[in-house]
Amino acid sequence: MAKRGKKNIDWENLDWDQEQEEIIWVSKSEIKRDAEALKKLGEQLVNLTKPQLAKIPLDESLLEAVELAQRLQKEARRRQLQYIGKLLRNIDVEPIQESLEKLENKHNQQQAILHRLEKLRDSLLQNAEMITQVCNDYPKVDPQHLRNLIRCAHKEQEQNKPAKAYREIFQYLKQIHFAD
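Residues numbered from 1 in each chain as written. Predicted model: local features only at pLDDT ≥ 70, side-chain atom pairs only at ≥ 80, totals over all residues. Heavy atoms only, no water.

(A) Focus on the packing of aromatic side chains. Taken as a whole, this structure holds zero aromatic pairs when the rule is applied. The side chain of R121 reaches across the aromatic face of Y166, ending 3.8 Å from its centre. (Phe/Tyr/Trp six-rings, centres within 6.5 Å; stacked < 30°, edge-to-face > 60°. Lys NZ or Arg CZ within 6 Å of the ring centre and 35° of its normal.)

Shown next, in the form of structure tokens:
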């Protein structure tokens, strides 16, 4: 067996600062944390619907792996998620993360709009003069129809009937809001 030649290192003249700058030390724990984060990113991708997945910039092999994982169950799905995490290690994941954040933010914006419409409905029921403000904010609102709904909602509350008109006000406001 041939012996490898040992390099003679001049330890006294070695420039340690230069050596330390060139080498970036990464702990084994940090590598594991990064791999786990990529696996969780892959799981987020697998949990998306097909239209949502179409909005994410994925290369063909990763897209196929995600679609396969969506069809698998239990242990096979777990192994496929491991594979997706491995594929994600070899690509730049920033565009994927940004697209996921946009999708999630869009959902949060929708929820905020719906909450705002619920508050508007409640303020309309408490103060009938709000109709003019609603008509100014949403020009497509039929004030007469809105007044009728408010009147019906008040009657339902007085007679302890189910809140049908109360829900109709919200649906009407939602329809008008998203029609703009």
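(B) Highlighting the side chain of S99. Along the chain, the position of S99 falls in helix α6 (residues 94-126). Residues in contact with S99, not counting those within four places in the same chain, are K55, I56 and P57. (Helix = DSSP H or I, 4+ residues; strand = E, 2+ residues; numbered from the N terminus. Contact = heavy atoms within 4.5 Å.)

(C) Quick peek at the environment of Q70. Relative to the assigned elements, Q70 resides in helix α4 (residues 60-71). Separated by 23 residues in the primary sequence, Q70 and N47 have C-alpha atoms spaced 7.4 Å apart. If near-sequence neighbours (up to four positions away) are discounted, Q70 is found in contact with L45, V46, L48, K50, L53 and R77.

(D) Examining the pattern of salt bridges more closely. This structure, assessed with the given rule, holds three salt bridges. Here E36 makes a salt bridge to K39, at a shortest N to O gap of 3.7 Å. Of the two residues, E36 and K39 both sit in helix α2 (residues 28-46), three residues apart, roughly one turn of that helix. Accessibility expressed as a relative area gives 36% for E36, which makes it partly exposed. You can call K39 partly exposed: its relative accessible area is 22%. For R121, the salt bridge goes to D122, with nearest N and O atoms at 3.6 Å. Its relative accessible area of 9% is what places R121 among the buried residues. (Salt bridge = Lys/Arg side-chain N within 4 Å of Asp/Glu carboxyl O. Buried < 20%, exposed > 50% of the residue type's maximum accessible area, 1.4 Å probe, protein only.)

(E) Spatial organisation of the packing of helix α8 (residues 143-158) against helix α9 (residues 164-179). Close contact between α8 and α9 brings their axes to 7 Å; oriented N to C, the two are set at 150°. As the angle between them shows, α8 and α9 are arranged roughly antiparallel. Between α8 and α9 the crossing geometry is left-handed. Taken together, the residues of α9 that come into contact with α8 (itself represented by H145, L146, L149, I150, C152, A153 and E156) are K164, A165, Y166, E168, I169 and Y172. A breakdown of the residues in the contact of α8 with α9 according to their chemical character gives nine nonpolar, one polar and three charged. (Axes fitted to C-alpha atoms, helices over the stretch in contact; angles between N-to-C directions. Parallel < 35°, antiparallel > 145°, perpendicular 65-115°, else oblique. Left-handed = near helix turned anticlockwise from the far one by under 90°. Nonpolar A, V, L, I, M, F, W, Y, C, P; charged D, E, K, R; others polar.)

(F) Inspection of α4 at higher detail. Here α4 spans 17 Å end to end across 12 residues, near enough to the 16 Å set by a 1.5 Å rise per residue. Those residues of α4 lying buried are L62, A65, V66 and A69. Angularly, the buried residues of α4 cover 100° about the axis, an arc narrow enough to put them on a single face. Opposite the packed face of α4, turned more than 90 degrees from it, sit the exposed residues E60 and R71. (Expected span 1.5 Å × (residues − 1). Arc of directions from axis to C-beta.)

(G) Structural context of α8. With 16 residues, α8 extends 23 Å from end C-alpha to end C-alpha; this agrees with the ideal 22 Å at 1.5 Å per step. Of the positions making up α8, those classed as buried are L146, L149, I150, A153 and E156. Burial along α8 is one-sided: seen end-on, the buried residues are contained in an arc of 120°. On its buried face, α8 is in contact with α6, α7 (130-137) and α9. Backbone geometry just downstream of α8 places N160 in the positive-phi region, at approximately 55°.

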